[in-house]
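Structure assessment
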Amino acid sequence: MNQQPSPQLLPYQSAPLLSANGWRGFIVALIVICVIAPVSNVWVPENSPFHLSDYAVALIGKIMCYAICALAMDLVWGIAGVLSLGHGLFFALGGYMMGMYLMRQIGRDGNYHSDLPDFMVFLDWKALPWHWTLSDSFIATLFLIVLVPGLLALAFGFFAFRSRIKGVYFSIITQALTFAAMLLFFRNETGFGGNNGFTDFKRILNIPIATQSMRMTLFVLTGMCLLGCFLIARYIVQSKYGRVLQAIRDAENRVMFCGYSTLQYKLSIWTLSAVMCGVAGALYVPQVGIINPSEMSPANSIEIAIWTAVGGRGTLIGPIVGAFLVNGAKSWLTVVAPSIWLYFLGLLFIAVTLYLPGGVIGLIKKLTGSRA
Amino acid sequence: MSSAFALSSNEAKQLATGETDTRIKTLSQLVSRADESAYRLIKAMTEDSVKIAGDHVLIIEDGKAIDAVSGESSSLPDSAEDVISNNRMRGELEGAMAALRLFSKDAASRMEAAGSLLKEPDPEKIPLLRKALASETEEAIKSTLNLALAAASLGDPDPAIRLHAAKEIASHQTPQTILLLNQRLADETAPEVRAALAGSLREVQAALQWGDKLGVLFTGLSLGSILLLAALGLAVTYGLMGVINMAHGELIMIGAYATYVVQGLFRTYLPDAFNGYLLVAVPVAFCVSALVGAVIERLVLRHLYGRPLETLLATWGISLMLIQGVRSVFGAQNVAVENPAWLSGGWQALPNLILPYNRIVIIVFATLVLIGMALLISKTRLGLFVRGVTQNRAIAASMGVNTARIDTSAFALGSGIAGLAGAALSQVGNVGPDLGQNYIVDSFMVVVLGGVGQLAGTVYAALGLGVLNKLLEGLAGAVLAKIAVLIMIVIFIQKRPQGIFALKGRSAEA
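Quick notes on the rules
- Residues numbered from 1 in each chain as written.
- Chains lettered and ligands numbered in written order.
- Predicted model: local features only at pLDDT ≥ 70, side-chain atom pairs only at ≥ 80, totals over all residues.
- Helix = DSSP H or I, 4+ residues; strand = E, 2+ residues; numbered from the N terminus.
- Rg over C-alpha atoms; globule rule 2.2 N^0.38 Å.
- Buried ≥ 20, exposed ≤ 12 C-beta atoms within 10 Å, placed from the backbone.
- Contact = placed C-beta atoms within 7 Å.
- Core = buried A, V, L, I, M, F, W, Y, C linked by C-beta atoms within 7 Å.
- pLDDT = per-residue confidence, 0-100.
- Nonpolar A, V, L, I, M, F, W, Y, C, P; charged D, E, K, R; others polar.
- Pairing = 2+ DSSP bridges.
- Axes fitted to C-alpha atoms, helices over the stretch in contact; angles between N-to-C directions.
- Parallel < 35°, antiparallel > 145°, perpendicular 65-115°, else oblique.
- Left-handed = near helix turned anticlockwise from the far one by under 90°.

1. A few points about the overall build of chain B
Helix and strand counts for chain B stand at 20 helices and seven strands. Whereas a compact globule of 510 residues would reach a radius of gyration of roughly 24 Å, chain B reaches 32 Å, over 25% beyond that. The principal-axis extent of the C-alpha atoms belonging to chain B is close to 100 × 60 × 35 Å. Out of the 510 residues belonging to chain B, those deemed buried represent 43%. Look at the contacts in chain B between residues 6 or more apart in sequence, and 70% of them connect residues 24 or more apart.

Next up, the structure:
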């Protein structure tokens, strides 16, 4: 990958999107996701060492969704210097939009064989609440996945950035936001299934959801989405717009004194980041098969920040690596030694902030740099 | 009880055997007389220890038979049969026992019996209530009995008696009266009695309104004082030192667990002094939390000053480890912390307003901690140094202040106050590993709202949030109230980003 933001000479020259090595790596990743993984999961026989198990597909698919979140977090935190502790909210909102559509796709196959989702029958509701109006249409759902997190982020960001809330204040307020939303979604009256959320999905686009081919389709889709988001993020960072964002991160007041309206810059990257999280959530729900309000708990949002920090913030590739490292460790440790996991995660937070400010990518750079 | 009304052998037999209707009739006669031997027999019947042999009804006590009528011990013939009571009879027996407890020697059980009669008004119990009233000496029980009597009279078939009772009951201004009046109003048909009932209802409601309002204010103050305790520590670590301590909630939790441990030690080794355990637990909670805080500061925070976002993440990591640590030691379940006797119960300020002692004590405690901290910051040498280091670290250092040590002491102080909050919280809520998580968002809100570095702001914000929360809770329920409060804070910060009390200054980076 390319180097960290380096001092550029004026006038600004646009940097290449990826270096030659970067492009090579990108193509390899694309081939692995779109060709090798499907082949080794579907066509390679199960006893072969090259077989990719269904469990691994589900796990990697899930982690790729997390990686999109980490990437989105890197755009606001690593590039623009705004630490959000509420990104789990946007992730969950995207997930809920998709979940509503999947609930409607169950049709009459639920436990109560009703037109309404089971939990509404349970609450003795007679008709769909207003906010479910569009949930029957897949196209409308796709729009909602982008619009709901996007508009919420836009509105919240506008008020927060306009009154120049920054730094820790902003972080704590975003945490309060996701906390409030969690309490709201826990309520049965809000019409999102309360505690249990949505689950027991049967099909998507009228195709059964729990089949190998559907799993693989979602997997490839998620992978391509991750790579796409990476290119977008990369493009942003290399553009003039991205340079201004980094300047805001390093010295916001100076940028303002230079005549830039930092509000627009911060607001746009913040909203884009929220939309990315929403998309990740929408891809996550059909693969995992459940969405409930605990996804909005402040702890989940802060975990996104640690993936980013572990990988190395401001590097774009780092957060993806971090998401894979931390979540890989999580799914391994919670099986092997569940009580160790929280100690490990806690130590990770402390160790990374104390000893690895550049994350894993920073460490690798340091090691290869010192050797050269 | 006089023996003039003593149980006759005929009655004993009618009670023990025969048609259920006759048995119940006999039972109610016995109850309205409330005499000793009848009480003994009825009690034995509820315990299924009555046998019948020919014409003799025998009570079995400790394997020996006692004649129910004469009270003398008797032989137990092999032919004796068990007395069998069906479910209906059993229900009647339980009710009779409750009524008879009105004449118990223990005042608490008399009070309980009067209360249970009040809940289920029954005109047939009127003679019984009159009798109990005549012999009752305690004022509180007397007033409950009077109310129960009025309530029972409300169901009397004679409208004149009902009318009298409807007017009479207005003098009992308690929440139960409202309940009783509403119940009766639903069944009442006579128009003048209805009018009297409605009039009494209005009168009682008006009288109780004040109590309700004061009650909301008090619970608001109580919540506010808890928030204040939780936030005061943060006011030091965040407000003065600028450290975002996400583990603050866990320091509160540690204080609560320290209280739990002290309580357990007292129960095991000093059961006689159990009521005094809080006096030991409070300083212990302070010291344990302060020590943990000092260790955190030395090992981690020291290296992160001036990097608030990193501090936030590192302290979050610490909080995860503390939670898991407590889970490993004490288990994931909540632990029970028992109130000492002097903290249970409450002060009946108004008929419908009981102020629990533990809440009152917490309000007083929060005030004391606040005063102590204000004095510490403004009057002592440590406070002077802390203020100096916060305002200008370099100058303070060049004046010879050991800034590193001041940092540790100040952070330990803030953590210790969190421990005090934990000791207080253990008296009113559940103590579990997740205790701190419930307070961390709230206490940050208090500090942010109050303005950084402002003790006065913290106080106003905590009390304001507490009262506002409880007021909204009455209108919209607990969850919606909390959400509304969070939204209000976000909007408020739009208007005054530096909190209620902003420090005036020219710094562009403020």
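2. Regarding the overall build of chain A
For chain A, the count of helices and strands is 14 helices and four strands. A globule of 372 residues ought to have a C-alpha radius of gyration of about 21 Å, and chain A, at 21 Å, matches this closely. In terms of its C-alpha atoms, chain A occupies a principal-axis envelope of roughly 65 × 55 × 40 Å. Of all 372 residues assigned to chain A, the portion counted as buried reaches 42%. A separation threshold of at least 6 residues defines the contact pool for chain A, and within that pool the share at least 24 residues apart is 78%.

3. Side note on unusual backbone geometry
Residue and element names in this part refer to chain A. Within the chain, H113 stands out as a residue other than glycine whose phi angle is a positive 50°. With respect to the element layout, H113 can be found in the loop between α3 (87-105) and α4 (118-122). With a phi close to 65°, L316 is a non-glycine residue in the positive phi region. One can find L316 in the loop between α11 (298-311) and α12 (317-336). Note on L316: 25 C-beta atoms within 10 Å, which makes it buried.

4. A short note on the nonpolar core
In this structure, A:I68 and A:L71 are the most contacted members of the largest nonpolar core, which totals 192 residues. With 17 residues, the top contributor of residues to this core is helix α2 (residues 54-79) of chain A. Among all residues touching A:I68, those that are not within four sequence positions of it are A:C225, A:L226, A:C229, A:M276, A:V279 and A:A280. B:V50, B:I141, B:L149 and B:A150 belong to the second largest nonpolar core, which has 55 residues in total.

5. A look at the confidence of the model for chain A
Looking at chain A, the pLDDT average stands at 89 and 95% of residues meet or exceed 70. By mean pLDDT, helix α14 (residues 359-371) of chain A is the weakest element of chain A at 83, and helix α10 (residues 262-288) of chain A is the strongest at 96.

6. Some details on the interface of chain A and chain B
Each side of the interface is counted separately: chain A has 34 residues, and chain B has 33 residues. The set of elements that each furnish at least two residues to the side of chain A that touches chain B consists of α6 (167-186), α11 and α13 (338-355) of chain A. Residue contributions to the side of chain A that touches chain B peak at 12 residues, all from α6(A). Among the residues forming the side of chain A that touches chain B, the class breakdown is 24 nonpolar, eight polar and two charged.

7. Remarks on the sheet that holds strand β1 (residues 50-53) of chain B
Within a sheet, neighbouring strands are paired by backbone hydrogen bonds and run either parallel or antiparallel to one another. Residues and elements named next belong to chain B. Across the sheet, which stays open at both edges, the five strands sit in the order β4-β3-β2-β1-β5 with antiparallel pairing between neighbours. Of all the strands in the sheet, the pair left with one neighbour each is β4 (73-74) and β5 (81-82). Note that strand β3 (residues 64-67) and β4 share two bridges and pair antiparallel. By the bridge assignment, A65 is partnered in β4 with S74.

8. Comments concerning the packing of α11(A) against α13(A)
Residue and element names in this part refer to chain A. Orientation of α11 relative to α13, taken along the N-to-C sense of each, is 45°, at an axis distance of 10 Å. The angle between the axes of α11 and α13 places the two elements in the oblique class. At the point where α11 passes α13, the crossing takes the left-handed sense. Between α11 and α13, the residues in contact are I306, A309 and V310 and L348, F349, V352 and T353, respectively.

9. A few points about the packing of α2(A) against α10(A)
All names here are of chain A. It is the contact of α2 with α10, at a shortest axis distance of 8 Å, that shows an interaxial angle of 170°. One element, α2, and the other, α10, form an angle in the roughly antiparallel class. Contacts between α2 and α10 involve A58, G61, K62, C65, I68, C69, L71, A72, L75 and V76 from the first element and I269, W270, L272, S273, M276, C277, V279, A280, L283, Y284, Q287 and V288 from the second. Split by residue class, the contact of α2 with α10 holds 18 nonpolar, three polar and one charged.

10. Description of the environment of A:N253
Residue and element names in this part refer to chain A. Its location among the elements puts N253 in helix α9 (residues 252-257). Judged by the 11 C-beta atoms lying within 10 Å of it, N253 is exposed. For the pair N253 and L52, spaced 201 residues apart in the sequence, the C-alpha separation amounts to 51 Å.

11. What about the pairing of β1(B)?
Residues and elements named next belong to chain B. Where β1 lies against strand β2 (residues 56-61), four bridges are found, and the strand directions are antiparallel. Note that in β2 the partner of K51 across the bridge is L58. Connecting β1 to the antiparallel partner β2 that follows it, the hairpin turn spans two residues, and G54 within it adopts a positive phi of roughly 65°. Pairing between β1 and β5: two bridges, direction antiparallel. Residue pairing in the sheet places K51 in a bridge with D82 of β5.

12. Considering the environment of B:A412
All names here are of chain B. Structurally, A412 is set in helix α17 (residues 403-425). By the C-beta count within 10 Å, which is 24 here, A412 ends up buried. Spatially, the C-alpha atoms of A412 and L291 are 6.5 Å apart, while their sequence positions differ by 121 residues. If near-sequence neighbours (up to four positions away) are discounted, A412 is found in contact with A290, G293, A294 and E297.

13. Some remarks on the environment of A:G86
All names here are of chain A. Within the element layout of this structure, G86 appears in the loop between α2 and α3. Separated by 196 residues in the primary sequence, G86 and A282 place their C-alpha atoms 17 Å from one another. Not counting residues up to four positions away in its chain, the partners in contact with G86 are T174, Q175, L177, T178 and S301.

14. A short note on the confidence of the model for chain B
All names here are of chain B. For chain B, the average pLDDT comes to 81, and 95% of its residues sit at 70 or higher. When mean pLDDT is taken per element in chain B, helix α12 (residues 277-299) scores highest with 94 and strand β6 (residues 346-350) scores lowest with 75. Overall fold confidence for the complex sits at a pTM of 0.76, while the interface term, ipTM, reaches 0.84.

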